[in-house]
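Geometric and topological summary
Listed below are the residues making up each chain.
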Amino acid sequence: MAAPLAVVLIVAVTIRAVLFRSSLAELIAQRVEVVSPLNAWKRVVEGLALLDLGVTPYSGDVFHETPLIIYLFHFVIDYSEFVFMIADGITAVALYLAVQDYNKIVFRKQKYALEADRYPRDVLELIQTPKDMYYIPLKVALFYLLNPFTILSCVAQSTCGLNNAVIALFILCTIKGSAFLSAVFLALATYQSIYPITLFAPALLFLLQRLYIPVSLHCPRFWVQALQYGVMFLGSLVVIVCLSFFLLSSWDFIPSVYGFILSVPDLTPNIGLFWYFFAEMFEHFRLFFLCVFQINVFFYIIPLSIKLKEHPVFLMFMQIAIISIFKSYPTVGDIALYMAFLPVWSHLYRFLRNIFLVSCVLLACSALFPVLWHLWIFAGSANSNFYYAITLVFNVGQILLVSDYFYAYLRREHHMAHGLYLKRKDGSEATLVLK
Amino acid sequence: MAACRSAVLYLSLLTLVLCLFGSLGPVATDSVEAKASQFFRSGHTNNWAVLVCTSRFWFNYRHVANTLSVYRSVKRLGIPDSHIVLMLADDMACNHRNPKPATVFSHKNMELNVYGDDVEVDYRGYEVTVENFLRVLTGRLPRSTPRSKRLLSDDRSNILIYLTGHGGNGFLKFQDSEEISNVELADAFEQMWQKRRYNELLFIIDTCQGASMYERFYSPNVMALASSQVGEDSLSHQPDLAIGVHLMDRYTFYLLEFLEDIHPASQANMNDLFKVCPSSLCVSTPGHRTDLFHRDPSSVLITDFFGSVRKVEITTEAVDLVPNVTEQEEEPTLIVMPAEPQSYVEQLPVAEIIHQKPKQKDWHPPDGFILGLWTLILLVFFKTYGIKHLKHIF
């Protein structure tokens, strides 16, 4: 399977190289859907230029990257295009290996359940076969590399690509079972943008599942493992933050990076939900609504992990999707990451209800974003309401996608446990409803 | 006998008439002078009209029809195109959705085409902006603006200003992207007064909550009419099913009907205008404001604003014009002093920039940071893969 992956990588690198050399590169680098104030390339360049002039890059509202990014780009700024292409490659390879291992785990679990005769008779058509699962890792890498969103994000040189690479490596390490490395990468991802901290729960659940520790509050081994993982994560985070202090000998980066992400002062339009609301909000309500909006990202992990404690990888997928919908400055690069996972759940296709609608909505909105932007900013015959309407519809489409997969997953699990053709007590056909 | 008596009668009549005429003769010459001076003392000598439609898009057909119907009446009553500034924010006659191109109708069943053959639109499409409107009123236009786009009024001009579009409490929307407030409008009128750009001003507005636009006026000699009070909406009249949109707003529809009955010699006055659209027909309550106006509204003729009526007095007498001679002062000869040559400071030291060397990167990460970072990376590596790899390094 290495050869097809190499071919895919070469094709992806070619496409990106061609786009880098064309005149579209500057055009794409300015699109608000692709870059945000957090991860725009021109801000990185500006920050490094400020540093060369002897001024801290965090002065003013220009630069909102972490010091480790400064360190990385200080040396490779002339080869930045390669860095982003390599980052995309790393993400794709990491996802490929992760999904390969995950498929092995799924297949092994299925084999044990079949041997233990735990599946009802009529469920056999739902079981995943190795033949189906053989091409899934390649499809995952393909989906990530050739997704137009990823290509746009790479050509725009948005550091979202680096964030995606770190999260992909974290997923790889979690699925391989190495708690320490996974804690380190999670700490790196959290250090860059705060939201991946919510991925702590699915990672912990996966590691517990791997060690056959039941998830119950009475079991001491659960607490030991959880504490171990938590200490490793927090320790790495503290170490990285302290190390960043030594780069510029100041704590300036904390309000500039984390304060910026959490308090959303910059209201440039993007594909998220924050900018429009906060543009028209009264000052005395701002803190309240800020808390409400930010809680949306962090809160859903709690009920989802209670429901999906047996299925941590699906939980990870859902949480990444929730992060990229509800975060304060989303870009299309974040969307590309969770879309790469969709081939893993391709066996759920028969239970998906809204997939046509969702794909139409997402395609139409992606086409309408630049149109309405042009109408609003350049032609002057639309206004921000039009653009925000498309943002809302796009996010509703994404939420519909995620909830559709959730429904399909739960429904399949229910069928696997209780049989495909469900009967009520009196023998008539029953239907499943997601409540 | 009878012929004699009739001849005497005729002769006496003639002498009587001649005497009368004779007596009248010197009186006649006095009254010509008096009439001539009176001619110049009363009111205005020229009329202007500024007619603005502020909305675009096909479904705002009625606003363009409103403005064009007022334009039609004003032209019919005598104001020439050179004295009308017509601003239309969109082109309805040549709109793709117009089933009858080159026409704009005001009555349903296409009874009255207010577009006609000789419409001259001065500001069209995107040129109708708040800035252009205020510049037209105050006269602060760039020197390159053609005469047809200027309001070249003086202190003897009566100006009719008609605005229509979508409005709210205190503002009028221009082109869906900006608005003009009642304060700005009142200040523009005050600028006109101070620059002596009008003698009397009649301001008519047909929008929702139109009365709010004249609340803030404070310049003298301004009379204002609006189609609805604050908190009320102005409603549109009838839709035409063939064209598919509403053709006119109610207030301007009844205003047009009223004006169709006015001819240049008509003596109808402003009080009739105030009664134009009662609430029973218009649903909204039209309002007016006359407290800033110096004359009594009942003595103000409609044609003082809507028409360009010339007072013509025919006389065969000679009128003595008193010459207005002022002393021509001798202009002092200017002493021309040789000025020293002046030059601008160099904006960009181009010569220096061209020969500048590329700047070296001045900042380097501190050594402690690099040490710490790579130590950490090595530690993580060894922890994960075991200490046995250490022997490959050393």
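What counts and what doesn't
- Residues numbered from 1 in each chain as written.
- Chains lettered and ligands numbered in written order.
- Predicted model: local features only at pLDDT ≥ 70, side-chain atom pairs only at ≥ 80, totals over all residues.
- Heavy atoms only, no water.
- Helix = DSSP H or I, 4+ residues; strand = E, 2+ residues; numbered from the N terminus.
- Contact = heavy atoms within 4.5 Å.
- Pairing = 2+ DSSP bridges.
- Axes fitted to C-alpha atoms, helices over the stretch in contact; angles between N-to-C directions.
- Buried area = accessible area lost by both parts, 1.4 Å probe.
- Salt bridge = Lys/Arg side-chain N within 4 Å of Asp/Glu carboxyl O.
- Polar contact = N/O pair within 3.5 Å; in protein donor to acceptor, adjacent residues only side chain to side chain.
- Nonpolar A, V, L, I, M, F, W, Y, C, P; charged D, E, K, R; others polar.
- Disulfide = S-S within 2.5 Å.
- Buried < 20%, exposed > 50% of the residue type's maximum accessible area, 1.4 Å probe, protein only.
- Phe/Tyr/Trp six-rings, centres within 6.5 Å; stacked < 30°, edge-to-face > 60°.
- Lys NZ or Arg CZ within 6 Å of the ring centre and 35° of its normal.
- Patch = residues over 30% accessible without salt bridge, like charges linked within 9 Å, V, L, I, M, F, W, Y side chains within 5 Å.
- Areas by Shrake-Rupley, 256 points an atom, 1.4 Å probe, with all protein chains shown as cover.
- Expected span 1.5 Å × (residues − 1).

Quick notes on the environment of A:Phe143
All names here are of chain A.
- Note on placement: Phe143 falls in helix α7 (residues 136–145).
- Linking Phe143 and Leu337, residues 194 residues apart in sequence, is a C-alpha distance of 9.2 Å.
- Setting aside its immediate chain neighbours within four residues, Phe143 contacts Met339, Ala340, Leu342 and Pro343.

Regarding the sheet that holds strand β9 (residues 222–226) of chain B
Residue and element names in this part refer to chain B.
- Read across the sheet, 7 strands follow the order β3-β2-β1-β4-β8-β9-β10 without closing on themselves; strand pairing throughout is mixed. Looking at which strands have only one partner, the edges of the open sheet turn out to be β3 (123–124) and β10 (287–289).
- Across 5 bridges, strand β1 (residues 46–53) lies against strand β2 (residues 84–88) in parallel orientation. Bridging across to β2, Cys53 finds its partner in Leu88.
- Here helix α2 (residues 61–76) sits on the sheet and contacts β1, β2, β4 (157–164) and β8 (200–206); the angle it forms with β2, its principal contact strand, is near 165°.

Some points on the interface of chain B and chain A
- Facing 19 residues of chain B, the contacting portion of chain A comprises 21 residues.
- Taking both partners together, chain B and chain A bury about 1,800 Å²; carbon and sulfur atoms supply 73% of that area.
- Linking chain B with chain A are 0 salt bridges, by the criterion used here.
- Here chain B is connected to chain A by 1 residue pair in polar contact (both at pLDDT 80 or more).
- Split into classes, the residues belonging to the side of chain B that touches chain A amount to 10 nonpolar, 4 polar and 5 charged.

Side note on the state of the cysteines
Residues and elements named next belong to chain B.
- This structure, assessed with the given rule, holds 1 disulfide over all chains.
- Disulfide pairing is shown between Cys277 and Cys282; the S-S distance is 2.0 Å. Negative torsions about the S-S bond denote left-handed disulfides, and the value of about 100° found for Cys277 with Cys282 makes this one right-handed. Both residues of the pair, Cys277 and Cys282, count as buried.

What to know about unusual backbone geometry
All names here are of chain B.
- Residues other than glycine seldom take positive phi values, yet Gln175 does so here, at roughly 60°.
- Mapped onto the elements of the fold, Gln175 is located in the loop between β6 (171–174) and β7 (178–181).
- The backbone of Val283 sits at a positive phi, close to 65°, despite the residue not being glycine.
- The residue Val283 is located in the loop between α7 (279–282) and β10 in this model.

Concerning the packing of aromatic side chains
- Evaluation of the coordinates by the stated rule reveals 52 aromatic pairs over all chains.
- Ring centres of A:Trp345 and A:Tyr409 lie 5.7 Å apart, and the angle between their planes is 85°; on these two criteria the pair is classed as edge-to-face. Of this pair, A:Trp345 sits in the loop between α18 (332–339) and α19 (355–379) while A:Tyr409 sits in helix α20 (residues 384–418), placing them 64 residues apart in sequence.
- Classification of A:Trp345 by relative accessible area gives buried; the value is 1%.
- Put simply, the rings of A:Phe274, A:Trp275, A:Tyr276, A:Phe277, A:Phe278, A:Phe293, A:Phe369, A:Trp373, A:Trp376, A:Tyr387, A:Tyr388 and A:Phe394 touch in pairs and so form one group of aromatic residues.
- Across from the ring centre of A:Tyr407, 4.0 Å away, lies the NZ or CZ of A:Arg353, which sits over that ring.
- In this arrangement the basic side chain of B:Lys149 is found over the ring face of B:Tyr123, its NZ or CZ atom lying 5.2 Å from the centre.

Topic: a nonpolar patch on the surface
Residues and elements named next belong to chain A.
- The grouping of Val7, Val11, Ile15, Leu142, Phe143 and Leu146 at the surface amounts to a nonpolar patch, some 440 Å² of accessible area in total.
- Within the residue set of the nonpolar patch, elements represented by two or more residues are α1 (2–21) and α7.
- Top element by residues in the nonpolar patch is α1. It accounts for 3 residues.

Section: helix α9 (residues 160–176) of chain A
Residues and elements named next belong to chain A.
- The end-to-end C-alpha distance of α9, which contains 17 residues, comes to 24 Å, matching closely the 24 Å that a straight helix rising 1.5 Å per residue would cover.
- A large share of α9 lies buried, amounting to 15 of its 17 residues.
- Backbone geometry just after α9 places Gly177 at a positive phi near 105°.

Some details on helix α4 (residues 67–76) of chain A
- With 7 of 10 residues buried, α4(A) lies mostly within the body of the structure.
- For α4(A), the full list of buried residues reads A:Pro67, A:Leu68, A:Ile69, A:Ile70, A:Tyr71, A:Phe73 and A:His74.

Points about the sheet that holds strand β5 (residues 166–168) of chain B
All names here are of chain B.
- The strand order across the open sheet built from 3 strands is β5-β6-β7, with neighbouring strands paired in antiparallel fashion. Among the strands making up the open sheet, the edge pair consists of β5 and β7. Neighbour-to-neighbour, the strand axes of the sheet open up by a mean angle of 30°, direction not taken into account.
- When β6 meets β7, the two strands line up antiparallel, connected through 4 bridges. Pairing of Phe174 across the sheet is with Glu178, part of β7.
- Across the face of the sheet, helix α3 (residues 130–138) comes into contact with β6 and β7 while running at roughly 35° to β7.

What about the pattern of salt bridges?
All names here are of chain B.
- Within the structure shown, the criterion is met by 19 salt bridges over all chains.
- Notably, a salt bridge pairs Lys75 with Asp118, separated by 3.3 Å at the nearest N-O pair. Of this pair, Lys75 sits in helix α2 while Asp118 sits in the loop between β2 and β3; the two residues are 43 residues apart in sequence, bridging distant segments of the chain.
- What makes Lys75 partly exposed here is its relative accessible area of 21%.
- Residue Glu200 is joined to Arg295 by a salt bridge in which the shortest nitrogen-to-oxygen separation is 2.9 Å. Taken as a pair, Glu200 in strand β8 and Arg295 in the loop between β10 and α8 (303–306) lie far apart in primary sequence, 95 residues in all.

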